[in-house]
Amino acid sequence: MAKSFTPKLKRLLSQAGCVFKRQGKGDHEIWFSPITQCNFVVDQQIKSRHTANAVLRQAGLDKVF
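It should be emphasised that the depicted structure is a prediction, and the values quoted were computed from it without experimental measurement.

(A) Geometry of the overall build of the protein chain. Across its full length, the protein chain carries 2 helices and 3 strands. Overall, the protein chain shows an N-to-C arrangement of helices and strands of α-β-β-β-α. With the principal axes as the frame, the protein chain shows a C-alpha extent of 35 × 25 × 15 Å. Across the 65 residues of the protein chain, 31% fall into the buried class.

(B) Examining unusual backbone geometry more closely. Its identity as a non-glycine residue notwithstanding, Gln 37 has a phi of 60°, on the positive side. Owing to a relative accessible area of 55%, Gln 37 belongs among the exposed residues under this scheme.

(C) Fine view of the nonpolar core. Core analysis: the biggest nonpolar cluster contains 13 residues, and Leu 9, Leu 13, Phe 40, Val 42, Ile 46 and Val 55 have the highest contact counts within it. Of all the elements in the fold, those that place two or more residues in this core are α1 (6–15), β3 (38–43) and α2 (49–58). Counting residues per element, this core draws most heavily on α2, at 3 residues. What Val 55 contacts, discounting residues up to four positions off in sequence, is Leu 9, Leu 13, Phe 40, Val 41, Val 42 and Ile 46.

Here is what the cut-offs are and how they apply
Residues numbered from 1 in each chain as written. Predicted model: local features only at pLDDT ≥ 70, side-chain atom pairs only at ≥ 80, totals over all residues. Heavy atoms only, no water. Helix = DSSP H or I, 4+ residues; strand = E, 2+ residues; numbered from the N terminus. Buried < 20%, exposed > 50% of the residue type's maximum accessible area, 1.4 Å probe, protein only. Core = buried A, V, L, I, M, F, W, Y, C linked by side-chain atoms within 4.5 Å. Contact = heavy atoms within 4.5 Å.

Next comes the structure, spelled out in structure tokens:
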């Protein structure tokens, strides 16, 4: 089973000032980025580094994975 990138991703988002706004549909969460001033979706089980980097990009951060 592949590991999930979500715990580290959430840690990076929090350190950058992003905040959890609310629960979305299914196992998704809605977060807000003060950098981009936009909401974005974070899945609970991100198994692809490409998806994890896409979430970081939506938050206005550089790739890490």
